[in-house]
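# Survey of secondary and tertiary structure
The lines below spell out each chain.
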Amino acid sequence: MDLLLTDRTVVVTGASSGVGLATSRLLLSEGARVVAVARDPERLQRAFDDRGDRDHVLVAPADVTDRAAVERAVAAGVERFGGVDGAVCNAGRSLMATISDTTDDQIRDELDLKIFGAWNVIRAVRPHLAASSAGAVVTINAILAKQPEARLAITSAARAALLNLSRTLAEELAPEGVRLNSVNLGLIDTGQWRRRFETYRDEGGPLDYDAWSAELAADRGISSGRFGTADEVAFAIVSLLSPRASYITGAHVDVGGGVTRQP
Ligand code: NDP
């Protein structure tokens, strides 16, 4: 099926790794153009070096918490491709810490990243999306937003705030013809988990990655029994960006392998 994304331009944050990179690649394979945003310019450039369709990518390094930097990245995308039709607010990480070992600065940083990481992007792309015939935003969130976990208290709270924000912005943007949906992730096999596994191994953990991740999946009540892949998430994101999803807005889609634990 043609997803009608050919020559559409999409800003993807966190595009150098994991979900953002898989989404960018899928968009490119659908004929879209990508404004790729992340902080480390070299890693970002490297991520797209092997692409035959490099002329469809604009590497635009920026920290999503920096309003001016995000505006510059979006403006560069508009100048290069003539407009912006979509945005994927994906950049981020999580803060795993207990109440005893969380500093006030970490709390502020986490809220800053979750809220401004989406807000700055949506504010910058909004006029361009309103001018597009297919304006759409996807915010990347976590199932944690609805099912908070101990040791992820601040991240869970920040994600709940982002979910709430996404719903209200979907309503505000609908009259402008812009759709906004959320994709909530469970456990997805990306750099974040590979880094956590390295820490586990450094601390003497005996399991290999497959056994370690299967144990975690069982512990979290994931009925599929495994982590998801970035490609599996990218499919959900790109489907929601497609003009074929024209009647879907204000929705939140879980990509979590059937997590059964409920609050
Ligand atoms: P990765 O660690 O693989 O990639 C994170 C990306 O975000 C990188 O490109 C990184 O590049 C970029 N990034 C981080 N901070 C900033 C910033 N301040 N400004 C701009 N870019 C930034 O993460 P995943 O693909 O696993 O995660 C994608 C999103 O999904 C994240 O928001 C994450 O919190 C969320 N998520 C992931 C889950 C999982 O299991 N993987 C579960 C639930 C939610 P650079 O460092 O160069 O800036």
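Just so you know, these numbers come straight off a predicted model, no measurement behind them.

Let us look at helix α2 (residues 41-48). Those residues of α2 that sit buried are L44, A47 and F48. Along the axis of α2, the buried residues cluster in a sector spanning 85°; they form a single face. Facing away from the buried surface of α2 by more than 90 degrees, the exposed residues are E42 and R46. Residues of α2 that are buried make contact with α1 (18-29), β2 (33-37) and β3 (57-59). A side-chain oxygen of the first residue of α2 lies 3.0 Å from the backbone nitrogen of E42; this N-cap is D40.

Below, the discussion takes up the site of the ligand. Around the ligand, a shell composed of 31 residues is seen, among which S16, S17, N90, T190 and W193 lie nearest. Within the backbone of G14, an N or O atom sits 3.3 Å from an oxygen atom of the ligand. Between T190 and the ligand, the recorded distance is 2.4 Å, taken from a side-chain N or O atom to an oxygen atom. Contact with the protein chains removes 93% of the 880 Å² of surface that the ligand exposes when unbound. When contributions to the shell around the ligand are tallied by element, the ones reaching two or more residues are α1, β5 (136-142) and α6 (191-202). Residue contributions to the shell around the ligand peak at four residues, all from α6. Grouping the amino acids of the shell around the ligand by side-chain chemistry returns 13 nonpolar, 11 polar and seven charged.

What follows is about unusual backbone geometry. Positioned with a positive phi, L4 is a non-glycine residue whose angle comes to about 60°. Positive phi is not limited to glycine here, since D7 has a value of about 65°. Tracing the sequence through the fold places D7 in the segment before β1 (9-13). On the basis of relative accessibility, which here comes to 43%, the residue D7 falls in the partly exposed class.

Here we come to the nonpolar core. Ranked by size, the top nonpolar core spans 31 residues in total, and within it L27, F48, V183, L185, V233, I237 and L241 carry the most contacts. Those elements giving two or more residues to this core turn out to be β1, α1, β2, α2, β5, β6 (179-185) and α8 (230-241). If you tally residues by element for this core, the top one is α8, at six residues. Apart from the residues lying within four places of it in its own chain, the contact partners of F48 are A15, L21, S24, L28, A36, R54, V57 and V59. Of all hydrophobic cores here, the second largest spans 30 residues; its members include L58, V121, V125 and V137.

As a further point, take the environment of R244. Its place among the elements puts R244 in the loop between α8 and β9 (252-255). Under the relative-accessibility criterion, R244 is labelled partly exposed at 47%. Along the backbone, R244 and L5 are 239 residues apart, and their C-alpha atoms lie at a distance of 9.5 Å. Discounting residues that sit within four places of it in the chain, R244 has contacts with M1, D2, L3 and L4. Engagement of the side chain of R244 in a polar contact is seen with the backbone oxygen of D2, the distance being 2.6 Å.

What follows is about the packing of aromatic side chains. Overall, the coordinates contain nine aromatic pairs when judged by the stated rule. An angle of 40° between the planes, with centres 5.7 Å apart, marks the rings of Y209 and W212 as tilted. With Y209 and W212 both in helix α7 (residues 209-219) and three residues apart, this pair spans about one turn of that helix. Three or more aromatic residues joined by ring pairs form one cluster here, namely W193, F197, Y200, Y209, W212 and F227. Residue placement shows R194 over the ring face of Y209; its charged tip is 3.6 Å from the ring centre.

Conventions we followed
Numbering of residues begins from 1 in every chain and follows the order in which that chain's sequence is written. Per-residue local features are limited, in this predicted model, to residues with pLDDT of at least 70; the limit for side-chain atom pairs, both in listing and counting, is 80 or more; totals at the level of whole chains, interfaces and linings are taken over all residues. Side-chain numbers come from the whole structure's heavy atoms, not from hydrogens or water. In this scheme, a residue with accessible area under 20% of its type's maximum is buried, one over 50% is exposed, and one in between is partly exposed, where area comes from a 1.4 Å probe on protein chains only. Strands are runs of DSSP state E lasting at least two residues, helices are runs of H or I lasting at least four, and both sets are numbered from the N terminus onward. Read the arc as the range of directions from the helix axis to the C-beta atoms. It only takes one pair of heavy atoms within 4.5 Å for two residues to be counted as in contact. Contacts described as polar in this section are N or O atom pairs within 3.5 Å, which, within protein, must combine one atom able to donate a hydrogen with one able to accept it, while residues neighboring in sequence count only if both atoms come from side chains. Only heavy atoms are used to decide nearness, and a residue is near a molecule or strand if one of them lies within 4 Å of it. Computed with a 1.4 Å probe, the accessible areas rest on the Shrake-Rupley method; for each residue, only the protein chains presented here act as cover. Asp, Glu, Lys and Arg are counted as charged, while Ala, Val, Leu, Ile, Met, Phe, Trp, Tyr, Cys and Pro are counted as nonpolar; the rest, among them Gly, fall into the polar class. Put simply, a nonpolar core is a bunch of buried Ala, Val, Leu, Ile, Met, Phe, Trp, Tyr and Cys residues held in one set by side-chain atoms that sit within 4.5 Å of each other. Pairing of aromatic side chains here covers Phe, Tyr and the six-membered ring of Trp, requires ring centres within 6.5 Å, and sorts the geometry by plane angle: under 30 degrees stacked, over 60 edge-to-face, intermediate tilted. Charges are assigned to positions over rings by a cutoff of 6 Å between ring centre and Lys NZ or Arg CZ, combined with an angular limit of 35 degrees from the ring normal.

Remember that the coordinates give geometry; whether it matters functionally is a separate question.
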